[in-house]
Amino acid sequence: NHKGIRKIACIGAGYVGGPTMSVIAQKNPHIQVTVVDLNAGRIDAWNDENFDNLPVYEPGLDAVIAEARGRNLFFSTHVEKAIMEADMIFISVNTPTKTYGKGKGQAADLKFIELCARQIAEVATSPKIIVEKSTIPVRTAATIKSILDHTGKGVPFQVLSNPEFLAEGTAIQDLYKPDRILIGGEDPDAIAALRSIYEAWVPSDRIIATNLWSSELSKLVANAFLAQRVSSINSISELCEVTGANVDEVAQAIGRDSRIGPKFLKASVGFGGSCFQKDLLNLVYIARSYNLNQVADYWEQVIKINDHQKIRFAEKIIQTMYNTVNGKKIAFMGWAFKKDTNDTRESAAIYVADHLLEERAKIEVFDPKVQENQIYNDLNALATRSKEENQKLLKAVSSPYQACEGAHAIALLTEWDEFIEYDWQRIKNNMRKPAFVFDGRKILDRKKLEDLGFIYYAIGE
Ligand code: NAD
Ligand code: UGA
């Protein structure tokens, strides 16, 4: 019973649209799900026979695609056709931080959302339920509804908010067993229709309905709270380093308090990813736009601590290596913003590398899933120096042992499991001495490395 939903369209085939719609299609074999995107290259990649070429790397995603693609899951560039045929349309486009004009560097850029609304209004000739899947500022549903009602052909539209809480690297597990599904809306029939899609695999008591604005705001608040936990423990990591406390032990001790809980207390070189900073900035901007300056300052501090943590790590490397890294080779283990993803957006590695390159270090990067051109794109986007200079100072290599060959130091930036298992004796043998390891994720075994003769530094110890 799908309350009349036979066809779903999703606009935006990215990290959210792709995996989310794949699981919806897998669990609802009688609903046709079409994911559309303007980016033809991305759609081709989603349709690639070779699962290694899917545009998003997520453990378990290939099996879901294998089951549903071509059966009731389709990836296409025919945006208008998909809109026209669908009963329900998810909007899953990017909502980046504005890079121009009012709110530059803080507010969410809603131009892609607005384009979707206008395109839907232009082609829709039958009633549609529009679902906001993208993360958007509170009250965006009112904008979407206004565009639809003023530019549409008079067909009825319902707008629902249904934010996505999956984390990259665990997307499929998160989608299979969500802590909750949040649906914000006004129209009971539309809410029931969306609820029925999720009820194909999610227990009903995990599906929460709220008003539109609570749902929209809850997404920003959830990310703000999560990021705040990371900044909180990272701020304590600095205090641990000067007092002899160990941040993992502190995290374990406080995490046992059931009111605090053990998750999201892993100190690191700083949080990255496409959303934490963007959503915090957005929350800060919204608060300021209502003149709530204390509220804005409070949340802004979460970002400031995160920026401090990244620079502090780079400074620690320089200071430990006798105050100069000029001409020294530093091997980077990891470039992705966390393990089990090929996503590098806002990765701490980018900022640490940029800082070290300013000090004329030479960097060689190994990441199991990130391509070389992505690494250059990330660095070039900062525009700190010319592309040619970046190309000269930094290299990406396809073997960790090659990256470490002749290196003065290793900086571990991503917590990939395989790093733990490497032949650290072999690595040590081929490095310059003293051989430094700077563990920005605290995943390596201090005793083992020190026994091998490394000088080992970890965040928060
Ligand atoms: P993404 O950049 O990977 O994908 C967005 C896609 O939308 C792109 O492929 C782009 O080409 C396409 N697009 C943009 N405008 C379009 C249009 N008018 N018509 C057709 N296609 C269009 O972004 P993402 O990471 O999937 O994030 C999407 C949204 O979901 C954002 O609002 C983000 O905040 C939110 N979100 C992301 C995550 C995550 O883990 N990445 C998790 C939860 C929520
Ligand atoms: C995060 C949220 O966890 C998701 O619920 C949300 O849907 C998503 O943002 C989003 O809106 O985009 P994601 O960014 O994919 O997911 O990954 P996280 O696991 O949250 O990690 C974010 C960053 O924090 C990573 O750089 C990670 O290494 C870092 N982190 C996380 C820590 O440094 N310590 C921790 O204890 C946890």
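Since we're looking at a predicted model, the values are computed, not measured.

Regarding the site of ligand 2
Inference 1: Near ligand 2, the surroundings consist of 20 residues, among which K266, S268, F271, G273 and C275 are the closest.
Inference 2: Of all the elements, helix α9 (residues 212-243) adds the most residues to the shell around ligand 2, at three residues.
Inference 3: Across the shell around ligand 2, the residue classes break down as eleven nonpolar, five polar and four charged.

Overview of the sheet that holds strand β13 (residues 436-439)
Inference 1: In space, the six strands of this open sheet follow the order β11-β10-β9-β12-β13-β14, with parallel pairing throughout. Every interior strand has two partners, whereas the edge strands, β11 (394-396) and β14 (455-458), have only one. Each strand of the sheet is rotated relative to its neighbour by a mean of 20°, with strand direction disregarded.

As for the site of ligand 1
Inference 1: Looking at ligand 1, there are 27 residues lining it, with G12, G14, V16, S134 and T135 nearest.
Inference 2: Tallying contributions element by element places helix α5 (residues 111-123) first for the shell around ligand 1, with three residues.

Points about the nonpolar core
Inference 1: In this structure, F332 and V352 are the most contacted members of the largest nonpolar core, which totals 73 residues.
Inference 2: Filtering out sequence-adjacent residues up to four positions away, V352 remains in contact with V269, K310, F313, A314, A411 and L413.
Inference 3: In this structure, L73, A82, A86 and A193 belong to the second largest nonpolar core, which totals 64 residues.

A word on the packing of α9 against helix α11 (residues 276-289)
Inference 1: At a minimum axis distance of 9 Å, the contact between α9 and α11 shows a crossing angle of 115°. You can see that α9 and α11 cross each other, and the crossing is left-handed. Every residue of α11 that contacts α9 at L220, N223, A224 and A227 is listed here: F276, D279, L280, N282 and L283.
Inference 2: Considering only residue class, the contact of α9 with α11 consists of six nonpolar, two polar and one charged.

Procedures and definitions
Residues numbered from 1 in each chain as written. Chains lettered and ligands numbered in written order. Predicted model: local features only at pLDDT ≥ 70, side-chain atom pairs only at ≥ 80, totals over all residues. Near = placed C-beta within 6 Å. Helix = DSSP H or I, 4+ residues; strand = E, 2+ residues; numbered from the N terminus. Nonpolar A, V, L, I, M, F, W, Y, C, P; charged D, E, K, R; others polar. Pairing = 2+ DSSP bridges. Axes fitted to C-alpha atoms, helices over the stretch in contact; angles between N-to-C directions. Core = buried A, V, L, I, M, F, W, Y, C linked by C-beta atoms within 7 Å. Buried ≥ 20, exposed ≤ 12 C-beta atoms within 10 Å, placed from the backbone. Contact = placed C-beta atoms within 7 Å. Left-handed = near helix turned anticlockwise from the far one by under 90°.

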